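# Report on the structure
Single-letter residue listing:
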Amino acid sequence: MVVLTWPAETLWEQLEPLVPGLNVEVVAEADSTNTRLLERTRAGDGGACLLVAERQTAGRGRMGRHWESSPGASLTFSLALPLAPADWSGLSLVVGVALAEALHPQLRLKWPNDLWLLSGSDGARGRKLGGILIETAMAADRRVAVIGVGLNIRDAQDDPAAEVGRAALAELDAQAGAPATLLQVARPLLQAVLAFEREGFTPWQARYAARDALAGRSVRLLPAQGPAVEGTVEGVNSQGGLLVHTAAGLSTITSGEVSVRPC
Ligand code: BTN
């Protein structure tokens, strides 16, 4: 059994001055930290909360997928925050930039919300190190964003279901652990989301570009609606939409799945 010691009080001291009234909670087990905070919000609690679960029994990923994680081998948390940005587009990209910058210079972002570790001498291949799932719910007249983050810290040796081809932070820092990683990312993440609420995505466009794993690559896109699109990524626009040069011209993709085509 892995015994973890979480710096809940230190986290609260770092975060609460930014959002007065914010709570920090660490639980041994939750179905999903996102689900818990969404339920709490829908029940009328519109307060800010950082909820960390050592183990999720029904962790959720994007597009209805399951999110596998195991205690000590991963970090799973969600941040519930009442937010009222003028425009929500680009929030998940800002979260990705904040995480990548706080964690390691080698981390890259695969649009729209995967953290990637590049490998291969030319950096041509990427393996997923983390994912972001952002959902919102209403508490009375307040919209609360629930920002869920899952990071692979090390290989789950005892987990036969562990995804093949995934990356873990321990490849970059052998000492990496879930509690210290949370301490490393929590404050920059909260600061980034608050800055996004004030200023939107535009000030983050260049920082995203510096971490963009897809720029210049041939990709196949499965948009949320409509047929698959193939083309070459030209970066993201000032709203965080993916710009893809296709046979039909320049397309802007605002949601969907991207797979990188072999070069
Ligand atoms: C993805 O890449 O598909 C997104 C994965 C997001 C996983 C995190 S783990 C903490 C939070 N709770 C969940 O159930 N999901 C998110």
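Before reading further, recall that the structure is shown in the block above.
Residues numbered from 1 in each chain as written. Predicted model: local features only at pLDDT ≥ 70, side-chain atom pairs only at ≥ 80, totals over all residues. Heavy atoms only, no water.

So, about the sheet that holds strand β9 (residues 229–236). Strand order in the open sheet formed by five strands is β11-β10-β9-β8-β12, and the pairing between neighbours is antiparallel. Looking along the sheet, the strands with just one partner apiece sit at the ends: β11 (249–253) and β12 (256–260). Averaged over all neighbouring strand pairs, the angle between strand axes comes to 45°, with direction disregarded. Summarising the sheet, strand β8 (residues 218–223) and β12 pair through five bridges and their orientation is antiparallel. By the bridge assignment, Pro223 is partnered in β12 with Gly256. (Pairing = 2+ DSSP bridges. Helix = DSSP H or I, 4+ residues; strand = E, 2+ residues; numbered from the N terminus. Axes fitted to C-alpha atoms, helices over the stretch in contact; angles between N-to-C directions.)

Contact pair helix α1 (residues 8–15) / helix α4 (residues 178–199): the axes reach a minimum separation of 10 Å and the direction vectors enclose 20°. In terms of orientation, α1 lies roughly parallel with respect to α4. Between α1 and α4 lies a crossing whose hand is right-handed. Residues Thr10, Leu11, Gln14 and Leu15 of α1 form the contact with α4, whose participating residues are Leu182, Leu183, Ala186, Arg187 and Leu190. (Parallel < 35°, antiparallel > 145°, perpendicular 65-115°, else oblique. Left-handed = near helix turned anticlockwise from the far one by under 90°. Contact = heavy atoms within 4.5 Å.)

The next subject is the site of the ligand. Ser32, Gln56, Arg60, Arg62 and Lys128 are the nearest of the 20 residues found near the ligand. Separating an oxygen atom of the ligand from a side-chain N or O atom of Ser32 is a distance of 2.7 Å. Contact distances for the ligand include 3.1 Å between a nitrogen atom and a side-chain N or O atom of Thr33. Relative to its free-state accessible area of 420 Å², the ligand is covered by the protein chains to the extent of 99%. When contributions to the shell around the ligand are tallied by element, the ones reaching two or more residues are α2 (33–42), β3 (74–82), β6 (125–139) and β7 (142–152). Counting residues per element, the shell around the ligand draws most heavily on β6, at four residues. The class makeup of the residues in the shell around the ligand is five nonpolar, eleven polar and four charged. (Near = heavy atom within 4 Å. Polar contact = N/O pair within 3.5 Å; in protein donor to acceptor, adjacent residues only side chain to side chain. Areas by Shrake-Rupley, 256 points an atom, 1.4 Å probe, with all protein chains shown as cover. Nonpolar A, V, L, I, M, F, W, Y, C, P; charged D, E, K, R; others polar.)

By themselves these figures say nothing about function.
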